[in-house]
Every structure is written in structure tokens, then in C-alpha cells.
Amino acid sequence: MNLTRVNLFDVPLRPILLSHPSCILVSKCFVTRTSTGVSPSILLPRSTQSPQIIAKSSSVSVHPVSEDAKEDCQSNDVSGDSIRRRFLEFFASRGHKVLSSASLVPEDPTVLLTIAGMLQFKPIFLGKVPRQVPCATTAQRCIRTNDLENVGKTARHHTLFEMLGNFSFGDYFKKEAIRWAWELSTIEFGLPANRVWVSIYEDDDEAFEIWKNDVGVPVEQIKRMGEADNFWTSGLTGPCGPCSELYYDFYPERGYGEDVDLGDDTRFIEFYNLVFMQYNKTEDGLLEPLKQKNIDTGLGLERMAQILQKVPNNYETDLIYPIIAKISELANLSYDSASEKAKTSLKVIADHMRAVVYLISDGVSPSNIGRGYVVRRLIRRAVRKGKSLGINGDRNGNPKEAFLPTVAEKVIEMSTYIDSDVKLKAPRIIEEIRQEELHFRKTLERGEKLLDQKLKDALSVAVKTKNKPYLDGKDAFLLYDTYGFPVEITAEVAEERGVSIDIKGFEVEMENQRRQSQAAHNVVKLTVEDDADITKNIADTEFLGYDSLSARAVVKSLLVNGKPVIRVSEGSDVEILLDRTPFYAESGGQIADHGFLYVSSDGSQEKAVVEVTDVQKSLKIFVHKGTVKSGALEVGKEVEAAVDVDLRQRAKVHHTATHLLQSALKKVIGQETSQAGSLVAFDRLRFDFNFNRSLHGNELEEIECLINKWIRDATRLETKVLPLADAKQAGAIAMFGEKYDENEVRVVEVPGVSMELCGGTHVGNTAEIRAFKIISEQGIASGIRRIEAVAGEAFIEYINSRDSQMTRLCSTLKVKAEDVTSRVENLLEELRAARKEASDLRSKAAVYKASVISNKAFTVGTSQTIRVLVESMDDTDADSLKSAAEHLVSTLEDPVAVVLGSSPEKDKVSLVAAFSPGVVSLGVQAGKFIGPIAKLCGGGGGGKPNFAQAGGRKPENLPSAIEKAREDLVATLSEKLG
């Protein structure tokens, strides 16, 4: 047998590869893995009659490559969709399981958004969960916003991008990963071998030998690089390893010397990164070899498209350019002849709308916090860029309408092979974008005028003081809080004018103004003092709670304040790990069961009772949290675990009612609505969903009627366990925020009504729910609505409570129940009339006081005089203070300037400035004048040139503020009068 090694540089595209350890040597064939696990099949070239491989039994098959096959590999189809498909098929044929892209909203609490293809596999790489498959391949949507300022300016920066990856979980390692990467690049995608450069970690001699000797890459095209560039770590400790990266050379004619810099963006583009997880980094910084070595790779789809489609940047590939073309049409521009500034704006809008569409599709709505802030920021940047391009209104020329929905439609049209669910959610996505754009446009013009003035002031001050111009953090916060300008947009505009921003000052204002704290993460601590993970020594908990509400179990571990103990006694708060349990652990929106653990006295152990008030889950280990009510509990002892039957029934009722509610919402307001969160509690249920308006009364009534009809139908629920793919094929809906096993999921079905993937507890028959009532419907964020409702026993309690309240109300008002509404309306009308009368009297009193103090007015100026009155009016309320100022301006001769202050309540200051036309004509404006005075009282405000109001929270500073106002007003007017 003629066995040879072929250097891929000698024969640039000959597809030869030793693709698996079970192969001893291969000639004129390339090896692919199968997922069947059977002995390899060997297919020979047409001209060959004998096998050319010696192989052990494995999951590898060898396929020869004919000239026809090579032509197929080097397909002329280089579209983005084709590149994605060919990548996945390449690794699928080598035994990789093709998995779907994970959501852009990750389960990992340490990151805000999905930023890498490996993120969904992080628990496997860290050894937290067992692998489901030996190796996998994905096309993962990712979002990164850390270099947003480079989007549109460079050839390859994006917010949303697709990372194509192949992953090995202890299956194959460095040799296969390197060879397949080369085969994919030079054979499947047909990249010329002399244009592909390789970087390796400076100490990774193993990778060097594979690239040089096994693959045949010339030494001059292999670059050793340092830890910063070519060594991956998961943190200060944990899995880590060297990297190897593939670069495409656009200009090989520039040579191959030692001084070649792979970081030169004008010549090279990195397109494929291979991470070899082979070490565990200890706290001492030592690198210990991992027992299970893993592979994590990423190939940038947009970058490979740029290379294969031979365009100057990622934006001009078929993945993005059709979106740019649509925006150009709206802007009445030709991309090719547009200025560089206009091209940048076109790219930014296209890039941001790709990200926005997929983020909203994955359940993120515009808001001022977290992920929602990312969406809002991207939309608002796109709106500003659209305005700079002269886009005014929608494609029909309606200036009052939004233009971004038209762009979003193009993104959605192109989503078929990226995420097929996007088209199903199109109405909601488009409407959320439309509402956000229109909302921002209302304040954009006013905000831009204010920002322009603030920047002019900053530049003017800088000239006078000879310092660098900067925008005060308080002004940046005012633009953010009042006009909806993300601070990043303010910074961009300021930078264009040569002004920096006081970011620290802005952050201080943000912290002072913050009214809502983010909900704390519910973390189960399963670590002991030396940080050894106790879960390593505890088997998974067997859950019995679907079929039984009590069970005998053995105590496997006890934790007090996170530390393991052997025994706990009466009064101790404790976390208990059992070998089996009927207790449901909090998950899927359903709160945990409550109940008791009982220890019987039998001579060998004393009697004990533990009340369980919470159950959390760490992986598949249940942690029962409770208090020892009597006796003592020890590790190794047997307990009777008993769930509170009544509370479990309440949870079951509310969970099934939640499923019915989701089905009813889809029927009444549209199939595109989807769950955005839920709570299943003992006393109520809460359901958050995507929708862009409040529900009408008749819609809420229709939803209630539908659900109560389904309850009366007394339909038996069906529960089955299926592979995830089969469940989705059957039409099962996934629950928000849940991650599912590919091989086995639980499906809960109300036949003819609802089918959902759900691990929660449910009633056996809808009749057990008894009745359903919506108690509130409200908006909780832009595009997110919330319904709270009660069912079953909670419904009865709610009705009884309302009936009791109505009885007391009837007694108090001395009317029948049917007359309560009209009686309350009459009382409100009487109250409004009384309040108006009181307000009128206060205004008259204030005007009288103003008349009394008008003789305190003094004049400023000589040839031209202005009457000035600056006084405090004690406890006069804000409206009356306004009336007093207006009276003084109308009765004193023009020109006149009036500033009044008062403290109507504890911790409250009111200020008003009223300037006559003669004063305003001098360039003195009430709105600008009153703001700094209000700051002295811990507040702020503003208004028009002739009239402005402000407030504060420090009445003790009012006297000094009034004095300051008098001094500043005199000085300003004196300067204007010369």
C-alpha cells in the first residue's frame, strides 16, 4: 500500500486530512465523523480498487474526494446564508450535533447579553453540568456594545454578529480542531493557502508542530504571540488554555518577513479563533492539565462573507447591504456616491436595526435599565443618524410617521435562515420600534437645542478660562432624564464639537435620582469555607412531587450560613439536602412548596420538626430552607418530608390558569404576543407579556370569559415527556427564561386549548380551578404589560374581601351598592369645587400680599431704569406665587423684573421669575436665571424667557437664595444697561 503525507501548500487544495485518532493514516481521502457510532465505512475514489486506510472501530468514516466533489466544496454560492449552512453541514458530517442559536438574553447572570458562541456551553466547560452531546456546532447570534463608537467607521465592527462555532466537550482536541479548521477554510471555502496565516500562543509547541508538520503551513506564516492575544481564561481561576487564530491576507504581495504584523487591519482580517481548553488555573496561578480537554471555536460569519464575496467591508456583504440599500432609498441617496459621513450613518442604522430586531424578538423592550437601555440607545442613535441623512417620515412621505419600521421590515425579511421565529413576531417588533422612534422624536428637537446651547456655553467658558471645554454632569443628566438623550449620544455630539463630558458627575446624578433598585439575584450558595463545591459530593435529588406530596428521605447534608454541619437543633435556620423529595423547588415562575420535615423518635434518634419555607435548586440538587421548630436534625437520619397540600393546590391552580391566560391572550389580542415573565404564587398569579398598548375593558372581559369557559369544560390535562424537537414540532410553547434538555422535556397540554413545555405542577382537570378573575392590567415597561389574577381559593378570598369592602362603603355612604358610584362622583365634584374655591382664595390672598410688598421695588440704571422686586412670600403655594408674580409684572411699569420665593411645605421651596418684555429684550431670560438660584435650594427648574418656575428641597437655604437672586439680577441688569 502506498502511504504518503501530502503538504497542503504543495498541492494547495488537495483535501487530505487525518481527522481522528482512530485513523492511522490516510491517502487521497478526507475523514469525516458520523454520529452513528458504528464501524467506519470506506468509500474509494473511482480509480482505486483497494482500501487506503487502516482504522480502528470508531465513529469515523472516510470519503474520497473526486474532482466533482472538489467543485462542490468550492461552490460558487458564497452568500451569507450559504456560508452558514456549509459550516454547519461541514461539522454535522463530522459527528457534531447541530444546535440552535441560544437567545440573546443569556441565562448567565454575569453578562447582560449573549456575547459569544460558547456562552450557552459555559456550564459544561466549567464542569457544572454534564455534556448532552460529545461535540456540537452552532450559528450563534451575539451582541456586543463595548465598541459602539467604531460601528460604521471600521470595516468589521458590529453590535449584532453571527459566530459560527464547533465545540468539543472532552471528545476531540487540538489536532482535529486545527486540521478541520484548515480543511474548512482552504477546501470547503476555497481560501488560497498562501493567504491564510496562523497565530499560536508563544509557548504552544504542540500547536506549532501540528500546523507545521501535519497541516504543512510554512513557518513564515505561523506567528507566535503573547498571553494577551493568544491565551484564553475563564476568570482568575478555572479552565483556560492557548488559542490559535486564522487570518486572511488581502495583500500577500507585501511579503512574509519577521516584521509582518497580524494586527495590521489594512492587510489582515482575523476570521477563525480556536481555543484549546487544556489547563485549570489554580489560585496560586499554576496551570494543571485538565482531565477533560475541550475545544471552543468561533468563525465570524460576516468576516468570512467579506472575504468570499470580495467586498471592502462587512457592511457591503449580502448580510447587511440590502438593509443599507433600503435606508439609502428612504434618504434618497446613492450609497456609492454618498460622502464618507453619510456612508457611516447608513451603516450605523443598518447595524443597529439588525440588533434591535433580534433583541426585541428575544423579549427585550426599550427601557431605561439593563438590556432595555441597550435597545433604546440603539434606536435613538439610529433616529439621529436618520435625521442627519435628511430622512423625514416613512416611505410614504408622511413626516409624522416613523422610518425605522421600514428598515425593520427589511431585516425581518432577511431573517428566515437566522431565526425563523422573527417573522412570527414581526407585528410586535415593528410596533415597538415605531412607538420608540415617535416617542424620541417628540423630545429630540428640544433636546438638541438645549444641548447645542450647553455646548456653546461650555466652549465660551473654556475661551474665558483657557481650560479644556467640558459639559457638566448635571447637564448631561438633564438631557438624559428630561429629553431622553442617552449619555453616549450626548458624548458623541459633544465630541464632534470638541467638548468632553463630566461622566463622573453624570453617574453621581444617576445614583441620586435612581428610584428603583434592581431585584437581587436569588443565588443558592453551596460552598464551604475553603470554597470546595459541596455539590461535587452530593448526588442529584430525586424529585417525587409530581406523583406524591409526602415521602421518606435521608438527610445527605446540612448547611448553616453556607457551612456544612453534622447536627442542628431547635431554633436553627438551616439548608437541608435530601436524597429524594416531594417538594417543588422554585423555577419556571412558580414559587417553592412549603411544608414540614418530621423525624420520628424510635430510640436511636430524638423527635424533630423542621418547617420548610423555601426550596431552591442548584443544577439538579434541591436545597430545602427552613427552621428547626423542635428537637434536632442530623446528617444521615431519615425524615418524613410532607408538602403543605393546600398551598400546593393553590400553586397548581394558578399555574394551570397561567397557561390558560396565555392561550386566551393569543386568541384575543393576537398570536404574536409572547410571555415576558411570570409569577405563580399561592395568593395570585402574575403574567407579563409583550404588547404595545393597554388592554380595553371589553378585551379583558373576553379573556376572562374564555378562561372561565375552559374551566367549566372540565378538561383533563395531559402530561407527557418527549424529545425537545418532537415537542416543538407538536406545537408546544416554551416558557420564558427556561432552558430545556434536547433529549427530554415535559409537555403539559390542555387539549384543544394549550400546549406548553413546563416543569411546574398543575391540576388534573380544569374544573379544579373553579373560577378566574383579572384584578389588574398595567404597563411595567415600554412594550411590556402585566396582568395579575386570582383563581381557585384565592378567587373566593378576593371576592369575599371585595364584598366586605363594599358592605362597609355602603354603610359609610348610607346608600345601596348600586348607588355607590353616583354617590362617589357627587362627592368628588363637591371636593373639586371646594378645592377650586380654596385655590381662588389663596390666589387673592397672594395678590394682596404682592400689592403690599410692591412698594419694596427698587430701580436699576440711570438713563434707562428697570424696576426690580426680589422678595420672599413665606408659605405661599406655587400656584398662588405664580399669580402674585403675574400681578406685580402687570401693575408695575415695564421694564420690570420680579423674583419671588416661598416655602409652602416642610422640605419644599417654590420659586418664580417674571420678566417684562423690556427686560427680555435686553437678553435677560427668566428660564435661564431661575435655574442656578433653585440649585442653591437643592432643586432646579426653568421655563420661558418671560416666565419660569422652579422648586427645591432645602427651605433653610431660601433666605440666602433670595439674597443671591437680588445680587445676580442687579449685576446682570446693570451690565446690560451699561
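Predicted model only: the values in this text are computed from it and were never measured. Counting from 1, residues in each chain are numbered in the order their sequence is written. Only residues with pLDDT of 70 or above have their local features reported here, since the model is predicted, and side-chain atom pairs are shown and tallied only from 80 upward, although totals for entire chains, interfaces and linings are computed over all residues. The side-chain numbers reported here are obtained from all heavy atoms of the structure, hydrogens and water having been left aside.

Trainee: Go over the pattern of salt bridges, please, and point to the residues and values.
Mentor: Whenever Lys or Arg places a side-chain nitrogen within 4 Å of a carboxyl oxygen from Asp or Glu, that contact is recorded as a salt bridge. Evaluated as defined, the whole model comprises 52 salt bridges. Residue Asp-475 pairs with Lys-454 through a salt bridge whose shortest N-O separation is 3.3 Å. Taken as a pair, Asp-475 in helix H14 (residues 473-483) and Lys-454 in helix H13 (residues 426-465) lie far apart in primary sequence, 21 residues in all. Its relative accessible area of 23% is what places Lys-454 among the partly exposed residues. Put simply, Arg-650 and Glu-797 hold a salt bridge, and the shortest N to O gap is 2.4 Å. Taken together, the residues Arg-650 in helix H17 (residues 645-669) and Glu-797 in helix H20 (residues 793-813) connect sequence positions 147 residues apart. Between buried and exposed lies partly exposed: a residue is buried under 20% and exposed over 50% of the maximum accessible area for its type, with that area taken using a 1.4 Å probe on protein chains only. Arg-650 sits in the buried class, given a relative accessible area of 17%. Only DSSP runs of H or I covering at least 4 residues are called helices, and only runs of E covering at least 2 are called strands; the numbering of each starts at the N terminus.

Trainee: Lay out helix H11 (residues 404-413) with the relevant residues and their values.
Mentor: With respect to burial, H11 is a largely interior element, 8 of its 10 residues being buried. On its buried face, H11 sits against helix H8 (321-331), helix H9 (340-361), helix H10 (370-388), helix H12 (421-424) and H13. Throughout, a contact is declared for two residues whenever any of their heavy atoms are within 4.5 Å.

Trainee: Now, about the pairing of strand S11 (residues 238-249): what can you tell me, with residues and values included?
Mentor: Extensive coverage of S11 is indicated by the burial of 12 of its 12 residues. Sheet topology places strand S8 (residues 196-201) next to S11; 5 bridges connect them, and they run antiparallel. Bridge pairing in S11 links Val-196 to Tyr-248. As paired elements, S11 and strand S12 (residues 268-281) share 10 bridges and run antiparallel to each other. The partner of Pro-239 across the bridge, within S12, is Asn-280. Paired strands are those between which DSSP finds at least two bridges.

Trainee: Summarise the packing of H20 against helix H21 (residues 820-853); cite the residues concerned and give the values.
Mentor: Angles shown run from 0 to 180 degrees and are taken between the N-to-C directions of axes, each axis being a line fitted to C-alpha atoms and, for helices, limited to the stretch in contact. At their nearest, the axes of H20 and H21 sit 11 Å apart, and the two run at 55 degrees to each other. On the basis of their axis angle, the class for H20 and H21 is oblique. The element H20 and its partner H21 pack so that their crossing is left-handed. On the side of H20, the interface is formed by Met-806, Leu-809, Cys-810 and Leu-813, while H21 contributes Val-820, Arg-823, Val-824 and Leu-827. When grouped by side-chain class, the residues that make up the contact of H20 with H21 number 7 nonpolar, no polar and 1 charged. Roughly parallel here means an angle under 35 degrees, roughly antiparallel means over 145, roughly perpendicular means 65 to 115, and every remaining angle is called oblique. For any helix crossing, the convention is left-handed if the near helix is rotated counterclockwise from the far helix by under a right angle, and right-handed if that rotation is clockwise. Polar here means any residue other than Ala, Val, Leu, Ile, Met, Phe, Trp, Tyr, Cys and Pro, which are nonpolar, and Asp, Glu, Lys and Arg, which are charged; Gly is therefore polar.

Trainee: Tell me about the packing of H8 against H9, residues and numbers included.
Mentor: Across the interface, H8 lies against H9 with an axial gap of 9 Å and an inter-helix angle of 120 degrees. For the element pair H8 / H9, the angle class is oblique. The hand of the H8/H9 crossing is right-handed. On the side of H8, the interface is formed by Ile-323, Ile-324, Ile-327 and Ser-328, while H9 contributes Leu-346, Lys-347, Ile-349, Ala-350 and Arg-354. Residues that form the contact of H8 with H9 fall into these classes: 6 nonpolar, 1 polar and 2 charged.

Trainee: Account for the side chain of Asn-765, with residues named and values stated.
Mentor: With respect to the element layout, Asn-765 can be found in the loop between strand S31 (754-757) and strand S32 (772-781). Polar contact criterion, stated in full: a pair of N or O atoms within 3.5 Å, where within protein one must be able to donate a hydrogen and the other to accept it, and residues adjacent in sequence count only if both atoms are side-chain atoms. Here the side chain of Asn-765 touches Ala-714 through a polar contact of 3.2 Å, landing on its backbone oxygen. A polar atom in the side chain of Asn-765 sits 2.9 Å from the backbone nitrogen of Ala-767. Beyond its immediate stretch of four places on either side in the chain, Asn-765 contacts Ala-714, Thr-715, Arg-716 and Leu-717.

Trainee: If you had to explain the sheet that holds strand S30 (residues 745-750) to someone new, which residues and values would you point to?
Mentor: Strands in a sheet are paired, the pairing made by backbone hydrogen bonds, and the direction either parallel or antiparallel. In spatial order, the strands read S29-S30-S31; together these 3 strands make up an open sheet with antiparallel pairing. At either end of the open sheet lies a strand with only one pairing partner, and these are strand S29 (718-722) and S31. Looking at each pair of strands side by side, their axes are set apart by 20 degrees on average, direction ignored. Where S29 lies against S30, 5 bridges are found, and the strand directions are antiparallel. Residue Thr-719 lies in a different strand from S30, and its bridge partner there is Val-748.

Trainee: Break down a positive patch on the surface for me, citing the residues and quoting the values.
Mentor: Residues qualify for a patch when their relative accessible area is over 30% and they have no salt bridge, like charges being joined within 9 Å and the nonpolar side chains of Val, Leu, Ile, Met, Phe, Trp and Tyr within 5 Å. Each accessible area is a Shrake-Rupley estimate made with a 1.4 Å probe; only the visible protein chains count as cover when residues are assessed. Charge assignment: positive for Lys and Arg, negative for Asp and Glu; neither His nor the chain ends contribute. Positions of charges follow a simple convention, taking NZ of Lys, CZ of Arg, CG of Asp or CD of Glu. A cluster of basic side chains, namely Lys-474, Lys-935, Arg-953 and Lys-954, defines a positive patch on the protein surface. Here Lys-935 lies in helix H24 (residues 926-936).

Trainee: I'd like a description of the packing of aromatic side chains, backed by residues and values.
Mentor: Put simply, two rings from Phe, Tyr or Trp (the six-membered ring, in Trp's case) pair if the centres are within 6.5 Å, and we call them stacked under 30 degrees between planes, edge-to-face over 60, tilted for the rest. All chains considered together, the criterion is met by 22 aromatic pairs. Following the ring pairs from residue to residue traces out a cluster consisting of Phe-87, Phe-90, Phe-91, Tyr-172, Trp-180 and Tyr-272. Lysine NZ or arginine CZ positioned within 6 Å of the ring centre and within 35 degrees of the ring normal marks a charge as sitting over the ring. Arg-94 extends its terminal NZ or CZ atom over the ring of Phe-90, reaching a point 3.6 Å from the ring centre. For Arg-224, the ring lying beneath its charged end belongs to Phe-208, and the centroid distance is 4.8 Å.

Trainee: Which residues make up the environment of Gly-940, and what values go with them?
Mentor: By secondary structure assignment, the location of Gly-940 is in strand S38 (residues 940-943). For Gly-940, a relative accessible area of 37% corresponds to the partly exposed category. Taking the C-alpha atoms as reference points, Gly-940 and Gly-952, 12 residues apart in sequence, are found 6.5 Å from one another. With near-sequence residues (within four places) excluded, Gly-940 lies in contact with Ala-934, Ala-950 and Gly-951.

Trainee: A description of the environment of Arg-267 should follow, citing residues and the corresponding values.
Mentor: The topology assignment puts Arg-267 in the loop between S11 and S12. Overall, the relative accessible area of 4% leaves Arg-267 in the buried class. Excluding residues within four positions of it along the chain, Arg-267 makes contact with Trp-197, Tyr-248, Asp-249, Phe-250, Tyr-251, Pro-252, Arg-254, Gly-255 and Val-260.

Trainee: Account for the UniProt feature "coiled-coil region" (unreviewed entry) in the protein chain, naming residues and giving values.
Mentor: Per the UniProt entry, the sites bearing "coiled-coil region" (unreviewed entry) are residues 810-844 in this numbering. Helix makes up 83% of residues 810-844 and strand 0%. Its end C-alpha atoms lie 39 Å apart. UniProt positions are given in the numbering used here, feature names are shortened, and annotations may be inferred rather than shown by experiment.

Trainee: So what's going on with the side chain of Thr-673? Residues and values would help.
Mentor: With respect to the secondary-structure elements, Thr-673 resides in the loop between H17 and strand S27 (675-680). When its relative accessible area of 4% is taken as the criterion, Thr-673 is described as buried. Polar contacts involving the side chain of Thr-673 include one to the main-chain carbonyl oxygen of Asn-690, which spans 2.9 Å. Among residues more than four places away in sequence, those in contact with Thr-673 are Leu-665, Lys-666, Phe-689 and Asn-690.

Trainee: Mind laying out unusual backbone geometry, listing which residues take part and the relevant values?
Mentor: Peptide bonds are, in most cases, trans, and in most cases residues other than glycine have a negative phi. In this chain, Asp-894 is followed by Pro-895 through a cis amide linkage whose omega measures 5 degrees. One can find Pro-895 in the loop between helix H22 (878-891) and strand S36 (896-902). Unusually for a residue other than glycine, Asn-332 sits at a positive phi of about 55 degrees. With respect to the helices and strands, Asn-332 occurs in the loop between H8 and H9. One non-glycine residue, Asp-874, adopts positive backbone phi at about 55 degrees.

Trainee: Any details on the confidence of the model for the protein chain? Residues and values, ideally.
Mentor: Summarising the model, the protein chain shows a mean pLDDT of 84, and 88% of its residues fall at 70 or more. Low confidence marks residues 1-75, where pLDDT is under 50. Its contacts with residues over four positions away, or in another chain, come to 153 contacts. Here pLDDT means the predictor's own confidence in every residue, given as a number from 0 to 100. In the model, residues 515-532 has pLDDT below 50 throughout and makes 24 contacts with residues more than four positions away in sequence or in other chains.

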